[in-house]
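Chain by chain, the residues run as shown.
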Amino acid sequence: MSAVVPVGIIDLLATRSYYLVTFLLLGVGTYTMIASDNYVKKVIGLNLFQVGVFLFFIAAAYVDGANPPLLDEPGPYVSPLPHVLILTAIVVGVSLTAVALGLVVRIYAEYGTLDDDVVREVRADE
Amino acid sequence: MSDQDADAEVDVGADAETGDATGGIQFGPGQDDTGDTGPDLEAADADGRPGPTDAPGGRAPYVESPIIMTTVRVVVPFVFTFGLFVMFHGANSPGGGFQGGVIVGTVVLLLGVAFGIATTRDWIGPRIPVAVVGLGVLTFVGIGAGSVLLGGGFLEYAVYGVKDATKYGIELVELAIGAVVAGVVTGLFFAVSAGGRPGGEPE
Amino acid sequence: MNELPALLVALPIVGSIVAFLASLVRTRSGWYVAVATLAVHTVAAVALAERVFTEGQLSYVVGGFTAPYGIELVVDGLSATMVVLVAVVSLGVLAYARVAGPRSNPFYATYLLLVTGLTGVSVTGDLFNMYVFLEILGLAAYALVASGERGESAVAGLKYLIVGTVGASLFLLGVGYAFVATGTLNMADLSVKLAEVGYTSPLVRAAFGLLVVGLFVKVAVFPLHTWQPTAYAGAPDSVSALVAALVSTVAAYALVRVTLSVFTVEFLVANPLARQLMVVAAAVSIVVGSVLAVAQTDLKRMLAYSSVSQFGLVVAAVAVTTETALTGAAIHLVGHAVMKGGLFLAVGLVAASTGTRLIAGYDGLSQRLPGAAGSVAVLALAMVGVPPAVGFVGKWYVALGAVEARAWPIAVVIFLSTLLTLAYFARLIERMYFREPPEWATDIDEAVDTDADTGGVADVATDGAGPRAVSTGMRATVLAAAVLAVLLGLAAVEYGQLLEPTVERLLS
């Protein structure tokens, strides 16, 4: 990650590419959550959204040519803090996906379909 | 609601819904999966395409494949060891409790895929994942509270009298976390594959 | 005891695991484990509050790693209030839930996990730790909302999960921006370093925007509130009361903490647009929440939209940043939790007795269930803002603070919202006291004991579960909530004085 302000679009794409991918992932995740009818696809969109956030952290923490923060390695060192943060966030994301999929299985058992429109119609009739 | 009932009932095996008066979808909290009274998840999906329904009790049939069984039988001990390796090496290299725990949990998934989920569930049983999770969390909280009782702060490893207490304390905590994650992954796998259990896992 | 904050968070975790493990030994033991844990937790919370209100702010570093490298737990007056509120309300709902609620061990394990998350958000002094506890709290809330017996609970839980996780991910992104800007996550350190970076830098503004929007989703401010009516209506009654009383309250506390402790008042002064946007969001939320509540026929959805309106009041107080307004916000957070929790419990009590959750089903309730009707009336009037109940004190202080800060639109909107609140609650009270019970109601009351099927009109209850036994625990809790709503109003002035040093520090 360079500290220079990029000039022009090519420079932006070359140096800040990770951040562009981050926002691409956020956008794709949001679109999937909104536009798909299937609940499993909505959960996938949620996962994509979270992965975008993780990529942001990791891209910001990358130091070119640095070593892990151990005493027997020469400097410069990479700060382990963002990596630990993302590990925690990944665990949180996994448990959320697990709960979401458990709910999806239960919705299928109750309604027989995973289509959001159909479930909404059925619930409106109830 | 009746349309969904009709669609889902079309391809269900004759002996699938035992004792369920309304048939099909209404899945009460009193039912569990031991009698396989759940709905057939592979029977008819939302588009109405039929799936494999010949298995007794309406589960997707377990296909016995000697290649998969042999491979899994050979590979699983190594995967387990690798999971333990990753658990122990969290401090100096990529790894740690969560990752190692997921790999150890994968062992049970591999066995389930190779030998049939129902068989694996009978082997491991509903109590072992719960017990492993409980043991892991209690170890973690015990280490934390133990340091409080010995006069230091919560999770202050240095007050334990052993040499290199911080290193061993962190390793033990990683192992405990690995146990928790392995137990949770296993329990979740069994719960989700049972299909339609009311409520998700508490964690 | 210096370690009290950490033990306060660890205790419900242990209780949760014990409840979970106890299912191996004996099913149906969850309630007892939960009561034991929460009783000890309440005692510890009160001890902590007493310590903080007499001796001032308490900070504790976990594991001996000094701040800002380690995680610091900071408990000031507002945090201590939240901790005591969480402990007392969760114990109260537990007293209600013995007969009424779901009774499995995993339910109580998740319940205690929710209490962990709530307490953790209240005592933490580290921004990422707050995200982790927000997610723990969210996970437990999603699972609890989905623990009802009907499919509607599962759909409501899934919708809540998706929307809540998007909010929490935005919060995490905001934490990421703040971390990139300053390199630290400790809240006290962040407030210093963010000032050094400059409050007009795009990084800091982006961090603030994302953090606040993420918390707006959790607090359910218009237009990010859509999960709330579905979730409250779809959840079982005891869970609705717990979630409505505590989850958004603690999220609003997190908003206060992030806006005033991390980005201090100077940030709002340097970015008047941010303050204006918060004020606008709050005002719209107050009005739209009340308007939508008037239009509802289902009582739980009406109460959910009413919550949207009340939390708009708290956000307005945070945006206005005067001492009186913040004291009012704190009082209103506590008061609203008690009142809204009590109302949801009363709805559950009436549903258990008569099987209906529609407003139309409340005709003549004063003749059928005089105790429940009385409690509902007292709580409803407290929410409207009739003195001396706590709803009046909170709104009065916030309105006074808005006038002091010359934010006239807020004062007008608060007045308007009080009229609208009166509209929908007075409708309810009028139905209860001045109408005759419908014909099918008398049949239900006789049929309660035999648990017979009561047929079409009465069985539209959103829980799907018909009339069941009403225990004294349920009645006692609802009555206690009504009495507490009035008593808290009387004690509110002294509480405001206790809170003064905290509010001064928040605004300095």
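Participant: Outline the overall build of chain B, listing residues and values.
Facilitator: When helices and strands are counted, chain B shows 6 helices and 0 strands. Order of helices (α) and strands (β) in chain B, N terminus to C terminus: α-α-α-α-α-α. Counting across all 203 residues of chain B, residues that qualify as buried make up 40%.

Participant: Please give an account of the overall build of chain A that cites residues and values.
Facilitator: Broken down by element type, chain A carries 5 helices and 0 strands. For chain A, the α and β elements follow one another from N to C terminus as α-α-α-α-α. Taken over C-alpha atoms, the radius of gyration comes to 20 Å for chain A, far larger than the 14 Å a tight globule of 126 residues would show. Along the first, second and third principal axes, the C-alpha atoms of chain A reach 65 × 40 × 15 Å. Each of the 126 residues in chain A was classed as buried or not, and the buried ones make up 42%. Considering only residue pairs separated by 6 or more positions, chain A has 45% of its internal contacts joining residues 24 or more positions apart. Surface summary for chain A: the accessible area is close to 6,500 Å², and the carbon and sulfur share equals 70%.

Participant: Account for the environment of Thr106(B), naming residues and giving values.
Facilitator: Residue and element names in this part refer to chain B. Tracing the backbone shows Thr-106 in helix 3 (residues 97–115). A relative accessible area of 31% places Thr-106 in the partly exposed class. Separated by 76 residues in sequence, Thr-106 and Ala-182 place their C-alpha atoms 8.0 Å apart.

Participant: Can you explain the nonpolar core? Please cite residues and give values.
Facilitator: In summary, soluble globular proteins display a tendency toward joint burial of nonpolar side chains. With 228 residues, the main nonpolar core has Phe171(C), Phe263(C) and Phe425(C) as its most contacted residues. Counting residues in each nonpolar core, the second largest holds 14 residues, with Val133(B), Val141(B), Leu188(B) and Val33(C) among its members.

Participant: Mind laying out empty space enclosed by the protein, listing which residues take part and the relevant values?
Facilitator: All names here are of chain C. Here the structure, examined in full by the defined rule, presents 3 cavities of 30 Å³ or more. The space that makes up the second largest cavity amounts to roughly 60 Å³. Elements with a minimum of two residues in the lining of the second largest cavity: helix 14 (323–354) and helix 20 (472–507). When residues in the lining of the second largest cavity are grouped by element, the largest group, 4 residues, is from helix 14. Each residue belonging to the lining of the second largest cavity can be placed in one class, and the counts come to 9 nonpolar, no polar and no charged.

Participant: Describe the interface of chain B and chain C, listing the residues and the values that go with them.
Facilitator: Listed by partner, the interface residues are 17 residues for chain B and 18 residues for chain C. Between chain B and chain C, roughly 1,700 Å² of surface is buried when both sides are summed, and carbon and sulfur atoms account for 79% of that area. Between the two partners, chain B and chain C, sit 0 salt bridges. Taken together, the connections running from chain B to chain C amount to 0 residue pairs in polar contact (both at pLDDT 80 or more). A per-class count over the side of chain B that touches chain C returns 11 nonpolar, 4 polar and 2 charged.

Participant: For the packing of aromatic side chains, give the residues involved together with the corresponding values.
Facilitator: Residues and elements named next belong to chain A. Inspection of the entire model under this criterion finds 20 aromatic pairs over all chains. Between the aromatic rings of Tyr-19 and Phe-56, the centroid separation amounts to 5.8 Å while the plane-to-plane angle is 65°, which identifies the pairing as edge-to-face. Highlighted residues: Tyr-19 in helix 2 (residues 17–35) and Phe-56 in helix 3 (residues 39–61), separated in sequence by 37 residues. An identical accessibility class is assigned to Tyr-19 and Phe-56; each is buried.

Participant: Quick one: what's the story with the pattern of salt bridges, residue by residue and with numbers?
Facilitator: Using the criterion set out here, one finds 12 salt bridges over all chains in the structure. For Glu152(C), the salt bridge goes to Arg123(A), with nearest N and O atoms at 3.9 Å. Here the residue Glu152(C) occupies a position in helix 6 (residues 151–182), and Arg123(A) occupies one in helix 5 (residues 116–125), the pair thus bridging two chains. Among the salt bridges present, the one from Asp189(C) reaches Lys193(C), with a minimum N-O distance of 3.3 Å. With Asp189(C) and Lys193(C) both in helix 7 (residues 187–197) and 4 residues apart, the pair spans about one turn of that helix. Residue classification places Lys193(C) among the partly exposed positions, given a relative accessible area of 28%.

Participant: Describe the packing of helix 17 (residues 390–404) of chain C against helix 18 (residues 408–434) of chain C, and please don't skip the residues or the numbers.
Facilitator: Residues and elements named next belong to chain C. Remark: helix 17 packs on helix 18, axes separated minimally by 7 Å, with the N-to-C direction vectors making an angle of 155°. The angle between the axes of helix 17 and helix 18 places the two elements in the roughly antiparallel class. Where helix 17 crosses over helix 18, the two elements pack in a sense that is left-handed. Only Trp-408, Ile-410, Ala-411, Ile-414, Thr-418 and Thr-421 of helix 18 make contact with helix 17, whose side of the interface consists of Lys-395, Val-398, Ala-399, Ala-402 and Val-403. Of the residues assigned to the contact of helix 17 with helix 18, the class counts are 8 nonpolar, 2 polar and 1 charged.

Participant: Lay out the pairing of strand 1 (residues 58–61) of chain C with the relevant residues and their values.
Facilitator: Residues and elements named next belong to chain C. Judged by which residues are buried, strand 1 turns out to be one-sided: Leu-58 and Tyr-60 face inward and are buried, whereas Ser-59 and Val-61, on the alternate face, are not. Two strands pair when backbone bridges link them, and strand 1 and strand 2 (residues 72–75) are joined in this way by 4 bridges, in the antiparallel orientation. Bridging across to strand 2, Leu-58 finds its partner in Val-75.

Participant: So what about the environment of Phe208(C)? Which residues, and what values?
Facilitator: All names here are of chain C. In this fold, Phe-208 is placed in helix 8 (residues 202–219). The exposure class assigned to Phe-208 is buried, which follows from its relative accessible area of 5%. Spatially, the C-alpha atoms of Phe-208 and Thr-116 are 26 Å apart, while their sequence positions differ by 92 residues. With sequence-adjacent residues up to four places away left out, Phe-208 is seen in contact with Thr-259, Phe-263, Phe-267, Leu-268, Ala-274 and Met-278.

Participant: Give a description of the environment of Phe78(B) that names residues and reports values.
Facilitator: Looking at the element boundaries, Phe78(B) is found in helix 2 (residues 66–88). Separated by 29 residues in sequence, Phe78(B) and Val107(B) place their C-alpha atoms 9.5 Å apart.

Participant: Give a detailed account of helix 4 (residues 81–111) of chain A, specifying residues and quantitative values.
Facilitator: Residue and element names in this part refer to chain A. When the terminal C-alpha atoms of helix 4 are compared, their 45 Å separation across 31 residues agrees well with the 45 Å that a helix rising 1.5 Å per residue should span. Counting buried positions along helix 4 yields 22 of 31 residues, so the element is predominantly enclosed. The positive-phi residue at the C-terminal boundary of helix 4 is Gly-112, with phi of around 80°.

Participant: Outline a negative patch on the surface, listing residues and values.
Facilitator: All names here are of chain A. There is a patch of like negative charges on the surface, built from Asp-37, Asp-117, Glu-121 and Asp-125. Take Asp-117: it is sitting in helix 5. The partly exposed category is assigned to Asp-117, whose relative accessible area is 41%.

Conventions adopted
- Residues numbered from 1 in each chain as written.
- Chains lettered and ligands numbered in written order.
- Predicted model: local features only at pLDDT ≥ 70, side-chain atom pairs only at ≥ 80, totals over all residues.
- Heavy atoms only, no water.
- Helix = DSSP H or I, 4+ residues; strand = E, 2+ residues; numbered from the N terminus.
- Buried < 20%, exposed > 50% of the residue type's maximum accessible area, 1.4 Å probe, protein only.
- Rg over C-alpha atoms; globule rule 2.2 N^0.38 Å.
- Contact = heavy atoms within 4.5 Å.
- Areas by Shrake-Rupley, 256 points an atom, 1.4 Å probe, with all protein chains shown as cover.
- Core = buried A, V, L, I, M, F, W, Y, C linked by side-chain atoms within 4.5 Å.
- 1 Å grid on protein atoms, 1.4 Å probe; cavity = no way out; pocket = protein on both sides within 12 Å on 5 of 7 lines; lining within 4 Å.
- Points joined across faces, edges and corners; volume = space filled by probe spheres on them.
- Nonpolar A, V, L, I, M, F, W, Y, C, P; charged D, E, K, R; others polar.
- Buried area = accessible area lost by both parts, 1.4 Å probe.
- Salt bridge = Lys/Arg side-chain N within 4 Å of Asp/Glu carboxyl O.
- Polar contact = N/O pair within 3.5 Å; in protein donor to acceptor, adjacent residues only side chain to side chain.
- Phe/Tyr/Trp six-rings, centres within 6.5 Å; stacked < 30°, edge-to-face > 60°.
- Axes fitted to C-alpha atoms, helices over the stretch in contact; angles between N-to-C directions.
- Parallel < 35°, antiparallel > 145°, perpendicular 65-115°, else oblique.
- Left-handed = near helix turned anticlockwise from the far one by under 90°.
- Pairing = 2+ DSSP bridges.
- Expected span 1.5 Å × (residues − 1).
- Patch = residues over 30% accessible without salt bridge, like charges linked within 9 Å, V, L, I, M, F, W, Y side chains within 5 Å.
- Lys, Arg positive; Asp, Glu negative; His and termini not counted.
- Charge placed at Lys NZ, Arg CZ, Asp CG, Glu CD.

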